[in-house]
Amino acid sequence: MTSAEASAQPRPAGATPPPTASYRLQLQPGFTLRDAERAVPYLAALGVSHLHLSPLLAAVPGSTHGYDTVDHGRISEQLGGESALRALAAVAHRHGLRLIADVVPNHMALPVPEQLNQPLWQVLRDGPDSPFAPWFDIDWTAQPGPSDAPERGRLLLPLLGGRLGEVLDELTVDGEVLRYHDHAFPLRPGTTGLPLPELLARQWYRLAWWELAGSELNYRRFFTVNELIAVRVEVPEVFEATHRTLLRLHADGVLDGFRIDHPDGLADPRRYLERLAAATGGAYTVVEKILTGGERLPADWPCAGTTGYDALRRIDGVLTDHLGAEHLITAYRHDTGAGSAPEAARQGRAELTGPHGELAAEVDRLVRLAQRICAAEPALADHSPLALREALGELLTAYPVYRPYVRPGEPAPPEAVADVEAALDGDSPTAALVRELALGRLGRSPAKDEFCARLGQTASAVAAKGVEDTAFYRWNALLSLNEVGGDPGRPGVKPVDFHRWCAYLEEHWPHSMTALSTHDTKRSADARARLAVLAELPEHWAAECAAWTTAAGLCPDRSSAWLLWQTLVAAWPLDADRLVATLLKSAREAKQQTSWTAPDARFERALTDYAHGVLANAGLCPRIDGFVRMLAPYARSNSLAAALLHLTVPGVPDLYQGSEEPLYTLVDPDNRAPVDLGALAVRLTDSPTDRAGDLAREKLHLTTTALHLRRELGPYRPLAAEGPAADHLLAFGRGPGVISAVTRLPYGLERSGGWRDTVLDLPAGRWTEQLTQRTFGAGPVRLDALFAVHPVALLTEGP
């Protein structure tokens, strides 16, 4: 036993305290657990209490994210293996830090090279009789079985680059393995030696052209990713087998908490969380639940809260000019002919669920399930597949949030009833049937129970792919609005609503994570801080875009022009590779001019050439640079304001790697590259007396200062300024001894004459502004004095 292993003592009774702040590390071959271990002293000095680690279990070789698990029984060797994880935990513990692990309960990788995903390998070899068959969410009845057992069904694997007959000579038999390029599949016992066509017909899987996935797929997957097959973690034995390693590491004291990826993909998220809480004694657990609109996390979920996208929306929103954003939206729609944001979201959902949509197979499975229910009960008979599909499509298209949480045998939650009835309000018998099945109001049977769960799982996929991954790439009025859980049709958050949300979070979910940048944000917080300034100067921005277009010529697509110009502002300076990668991914996800499944080479070349031309334009680039420099003081104000709000509102701030300094990253994979934490450690100890104006030093100093005050934060209370510019202040107290104050809408503040006589009334005592060590007495303090050095202030009572 190594010293690191010996240091992992059995966990004492009771859960460890919740985090005060966490730091997300993206583990990958270029940044392993050993690298994380070397970063521990810096992260401890920075002031976080927990390291938040991306998925740890063995994943597809070369994976840069870890969400493609292949083996639940071991820690990824390409990350360093279990010994490296235990060594990291030991060093972290010596520095007072704990570990949170990202858990992927919903899916595994498919297919993978042989000897990796053993449960799936055995299912492919032995079919529905495999003891691992219950692991995977497969509808065996949807595909005819092998030629000698057609009634048994088989698994469709849509992985071929063309129709089977076109690629037959690319398939080879190697002993008991069938190979197709990098893919490997086991052969059913007794079929080796058969002629290839007969051999293929006798397998428990059917290799097929990838384009058949949308219409014929018979396994649930992660969204529309064919290579990720869903795991039935609702089965107790599957839960135990897939969580055994992580639970053992928790019991050993190596892991202290968990982040649950995509809980909406689970059949019963609440029951899953109950099992996890029971197995861990109530370990700190947050869920990647995307809350939209006014939706709230179900109160009966045994967890600490969400991963923080709801906080991102409020913090960004309160720093965004509502009226200016509306001006941009009007201009965008006039220029491009686009509809409203809600219309774009509805259209994105509808395209996915239609007969030829990417989620058509998932809708068809619901149709088959409904038919089976109807066939079992004469009173429910005679609903055609077409009518069922139309009703389901209408419900999934119009459903306003990610999914309903209807549990068979329990009354449907009132919000689910309201949402289902509003989304499917038709009076046809089939609409009524689907509505009642969705709400679990037609009694119970295995098929009815499954319908409730599967509808929720499908609804979440439709929401994620139709809105986040389609509409948010199409609708480019103001890109900072298009983040996970965002509502671009309703830009901005009023300060009173911000305070109300903070009070709610403190009362109901005080240990919920809050986030500004993540591995899934389309643009990092500082990039969005720049873009938010555009909402304060819509006319200036329109004139600038017109001038840039005159210099560069017309973009191949008007909406792509809005995307391109804003991407340049958000991440300037950036090279052509980053710009083109973002433009092409966005255009393919938008699925209008081109797509991943039907790429338009001519359009993509035209867009690529246009982007290269912009960056090569010797007259245009200095103008872009000048405009970004003009935005800089206002973007600085937004960046620092967002950072201080993130670190001092209720909840547990989760810092994304590298975001303690300005970070101008774009959509993945741009935002997942390793960060030089060693260089950050050096800069943390570099303490110049004057940090003002150096945003990198300012933000790092603000971050570590606020983090070290986290344990002193008390109850939340809104504070208000008095004077002509009072609306430009957002302030609150955290207990009797801490006050956080930030500038909002800085461009508008300057245009209106600055703070003038606006004041904030400080409570009794002597107050120290921690970022500058200046002191203020009780009573009214002028905001032009409070913000003389920085556009934000963090005050503590006492010396």
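The structure under discussion appears in the preceding block.
The structure reproduced in this document is the subject of the present report. (Residues numbered from 1 in each chain as written. Predicted model: local features only at pLDDT ≥ 70, side-chain atom pairs only at ≥ 80, totals over all residues. Heavy atoms only, no water.)

Counted by the stated rule, this structure contains 58 salt bridges. Linking Arg441 and Glu421 is a salt bridge whose minimum nitrogen-to-oxygen distance equals 3.2 Å. Of this pair, Arg441 sits in the loop between helix H16 (429-438) and helix H17 (446-474) while Glu421 is found in helix H15 (residues 414-423), placing the two residues 20 residues apart along the sequence. For Glu421, a relative accessible area of 34% gives the class partly exposed. Through salt bridges with shared partners, one network takes in Asp268, Arg270, Arg271, Glu274, Asp300, Arg407 and Glu410. (Salt bridge = Lys/Arg side-chain N within 4 Å of Asp/Glu carboxyl O. Helix = DSSP H or I, 4+ residues; strand = E, 2+ residues; numbered from the N terminus. Buried < 20%, exposed > 50% of the residue type's maximum accessible area, 1.4 Å probe, protein only.)

Turning our attention to the environment of Ala477. Among the secondary structure elements, Ala477 is positioned in the loop between H17 and helix H18 (495-508). As for Ala477 and Ser559, which are separated by 82 residues in sequence, their C-alpha atoms are 8.4 Å apart.

Here we take up the packing of helix H8 (residues 236-251) against helix H9 (residues 269-280). Two elements in contact, H8 and H9, have axes separated by 11 Å at closest approach and are oriented at 40°. It follows that H8 is oblique to H9 by the angle criterion. Judged by the sense of rotation from one axis to the other, the crossing of H8 with H9 is right-handed. On the side of H8, the interface is formed by Pro236, Phe239, His243, Leu247 and His250, while H9 contributes Tyr272, Arg275, Leu276, Ala279 and Thr280. (Axes fitted to C-alpha atoms, helices over the stretch in contact; angles between N-to-C directions. Parallel < 35°, antiparallel > 145°, perpendicular 65-115°, else oblique. Left-handed = near helix turned anticlockwise from the far one by under 90°. Contact = heavy atoms within 4.5 Å.)

The next point concerns H8. If you check H8, its first and last C-alpha atoms are just 19 Å apart, much less than what 16 residues at 1.5 Å a residue would give, namely 22 Å. Along H8, the sharpest change in direction is near 60° and occurs at Arg244. Along H8, the residues classified as buried are Val238, Phe239, Ala241, Thr242, His243, Thr245, Leu246, Leu247, Leu249 and His250. The inward-facing, buried residues of H8 abut strand S3 (57-59), strand S4 (69-75), helix H3 (81-94), strand S5 (98-103), strand S14 (257-260) and H9. Count one or two residues on from H8 and you reach Gly253, which has phi positive near 85°. (Expected span 1.5 Å × (residues − 1). Bend = angle between axes of the 7 residues up to and from the residue.)

Next up on the list: helix H12 (residues 341-353). Helix length check: H12 (13 residues) gives 19 Å between terminal C-alpha atoms against 18 Å at 1.5 Å per residue, within 8%. Those residues of H12 not exposed but buried are Ala341, Ala344, Ala345, Gly348, Arg349, Leu352 and Thr353. Along the long axis of H12, the arc covered by the buried residues comes to 165°, so they all point the same way. (Arc of directions from axis to C-beta.)

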